[in-house]
Amino acid sequence: MTLIEKLENGNRLNYEDGVNLFDLDVLTLGHYANKIRVAKHQKKTYFNINRHINPTNICKDVCQFCAYSASRKNPDQYTLSHEEILETVKNSSKNGIKEVHIVSAHNPHTGLEWYMDIFKKIKKDFPNIHIKALTAAEIHFLSTQYNLSYEELIDTMIKSGVDSMPGGGAEIFDETVRKRICGGKVSSKEWLEIHKIWHNKGKKSNATMLFGHIETREHRVDHILRLRELQDITGGFNAFIPLVFQTQNNYLKVKEPVTANEILKTYAVSRILLDNIPNIKAYWATSTVKLALIAQEFGANDVDGTIEKESIQSAAGAKSKHGVAQNEFVDLIKNSGFTPVERDSVYNELKIY
Ligand code: V47
């Protein structure tokens, strides 16, 4: 059967098919990805009202792509106090946020309690705000630093009030590339193992892929299929988020940012290969808002949230420092011919515009 026949029939595609998808022209790929998107979500595009908080930028690990970590090119180290974090949540709660997304660097000086107690405090003061926190990379770091098994750490997270896990730290699973861009931190196997344990507790998470640096299309397909394999077992991933590499202020000397054509192809291939992950998120902070809107026609059905403050990608050159206002999101999605739907963190629909 030819690749086009498989696409027409809606067959599950293998690794070789996945690589060959990239050789199709972008509009053909968009056609098939959009067909799947419409079958699953019609014209709905999800977003949420959330706040990103990055409590510390001091990191014991050295990822070549990272412009956020203070120990590298950024000399301004910081670690927020719990009072400062609570004040931020209080102010953002006035804007109607439904979620805090809390991701930190791997700070070896704070103690485990600093990482965990803030969740308890947020839950106590704001019981209706969903806490999405701690990437698998942070969980691996904390478990090594404080000599706890992944499961013990995850149980502590849950007891402390964490509701779901973000998808960060996945980068690229291929071991050779991974060694070059983030050797020393959580391995691919460990990343997948941590999400598996989390899912087995009945909890949901997201998965990311950092692309547009030194990886190849083959590495992207391999990454996506490793996620599909775990999802077949657990069903715990809500969303897949291809993160477009931002080129500034880091040690990966990538001069040319990945093209818009290649970004759209990557969203479309993700949608086509990942027949078991319901949502493909065009995270506007890395794709730009404009391309995220176009991505709606190339398989993406989610543009992430209002964010309010973004520190990781903006440190590397993204125009995402100040978030996007809720009404702006609604207008942009509407004006591009889609239906904006405010969702909660686990994709319950809260309001259809
Ligand atoms: O894992 C670091 C990435 C991620 C750069 O789960 C970079 O809903 C681009 O995972 N260029 C953290 N990306 C962010 C993240 C995330 C974001 C939004 C929503 C969700 C979710 C998760 O940021 C890291 C890393 O892959 N990153 N440096 C860079 N130069």
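Just so we're clear, the structure is a prediction, and the values are computed from it rather than from any experiment.

A. Summary view of the side chain of Asp302. Structurally, Asp302 can be placed in strand β8 (residues 302–305). In this structure the side chain of Asp302 is engaged in a polar contact, spanning 2.5 Å, whose partner is the side chain of Tyr347. Excluding residues that lie within four positions of it along the chain, Asp302 makes contacts with Thr45, Tyr46, Ile280, Lys281, Ala282, Arg343 and Tyr347.

B. Main features of unusual backbone geometry. Phi angles above zero are rare outside glycine, and Thr288 is one such case at about 80°. Along the polypeptide, Thr288 turns up in the loop between α12 (284–287) and α13 (289–295). For Thr288, a relative accessible area of 46% puts it in the partly exposed group. The backbone of Glu308 sits at a positive phi, close to 70°, despite the residue not being glycine.

C. Representation of the sheet that holds strand β6 (residues 237–244). In space, the 3 strands of this open sheet follow the order β5-β6-β7, with parallel pairing throughout. Lying at the two open borders of the sheet, with one neighbouring strand each, are β5 (205–211) and β7 (279–280). The pairing of β5 with β6 spans 7 bridges and is parallel. When the sheet's bridge partners are listed, Ser205 is paired in β6 with Phe237. Of the strands in this sheet, β5, β6 and β7 touch helix α11 (residues 260–273), which is tilted by about 160° from β6.

D. Fine view of the packing of aromatic side chains. By the definition in use, this model includes 8 aromatic pairs. Seen in terms of ring centroids, Tyr68 and Tyr78 are 6.5 Å apart; in terms of plane orientation they differ by 70°. Their pairing is edge-to-face. Here Tyr68, found in the loop between β2 (50–53) and α4 (82–93), pairs with Tyr78, found in the loop between β2 and α4; they are 10 residues apart in sequence, far enough to count as distant. Tyr68 sits in the buried class, given a relative accessible area of 7%.

E. Summary view of the pairing of strand β3 (residues 99–102). Side-chain alternation along β3 places Glu99 and His101 on one buried face and Val100 and Ile102 on a second face that is also buried. Where β2 and β3 come together, 4 bridges link them in parallel fashion. Each residue of the ladder has a partner; that of His52, found in β3, is His101.

F. Seen up close, the sheet that holds strand β4 (residues 130–133). Strand order across the open sheet formed by 3 strands is β2-β3-β4, with parallel pairing between neighbours. Edge strands, defined here as strands with exactly one partner in the open sheet, are β2 and β4. This sheet shows a mean twist of 20° between the axes of neighbouring strands, independent of strand direction. Relative to β2, α4 is tilted by about 160°, and along the sheet it contacts β2 and β3. Together, β3 and β4 form the strand contacts of helix α5 (residues 112–125), whose direction differs from that of β4 by roughly 165°.

G. Structural context of empty space enclosed by the protein. Under the defined criterion, the tally for this structure stands at 2 cavities of 30 Å³ or more. Of the voids in this model, the largest cavity is the one considered here, and its volume is about 730 Å³. Lining the largest cavity are 41 residues; nearest its centre among them are Val103, Gly168, Gly169, Ile312 and Gln313. Those elements giving two or more residues to the lining of the largest cavity turn out to be α6 (136–145), β5, β6 and α14 (312–315). Of the residues in the lining of the largest cavity, the class split is 18 nonpolar, 15 polar and 8 charged. Of the voids in this model, the second largest cavity is the one considered here, and its volume is about 70 Å³. Pro55, Ile85, Ile102, Val103, Ser104, Trp114, Tyr115, Ile118, Phe119, Leu134 and Glu138 are the residues that line the second largest cavity.

Calculation rules
Residues numbered from 1 in each chain as written. Predicted model: local features only at pLDDT ≥ 70, side-chain atom pairs only at ≥ 80, totals over all residues. Heavy atoms only, no water. Helix = DSSP H or I, 4+ residues; strand = E, 2+ residues; numbered from the N terminus. Polar contact = N/O pair within 3.5 Å; in protein donor to acceptor, adjacent residues only side chain to side chain. Contact = heavy atoms within 4.5 Å. Buried < 20%, exposed > 50% of the residue type's maximum accessible area, 1.4 Å probe, protein only. Pairing = 2+ DSSP bridges. Axes fitted to C-alpha atoms, helices over the stretch in contact; angles between N-to-C directions. Phe/Tyr/Trp six-rings, centres within 6.5 Å; stacked < 30°, edge-to-face > 60°. 1 Å grid on protein atoms, 1.4 Å probe; cavity = no way out; pocket = protein on both sides within 12 Å on 5 of 7 lines; lining within 4 Å. Points joined across faces, edges and corners; volume = space filled by probe spheres on them. Nonpolar A, V, L, I, M, F, W, Y, C, P; charged D, E, K, R; others polar.

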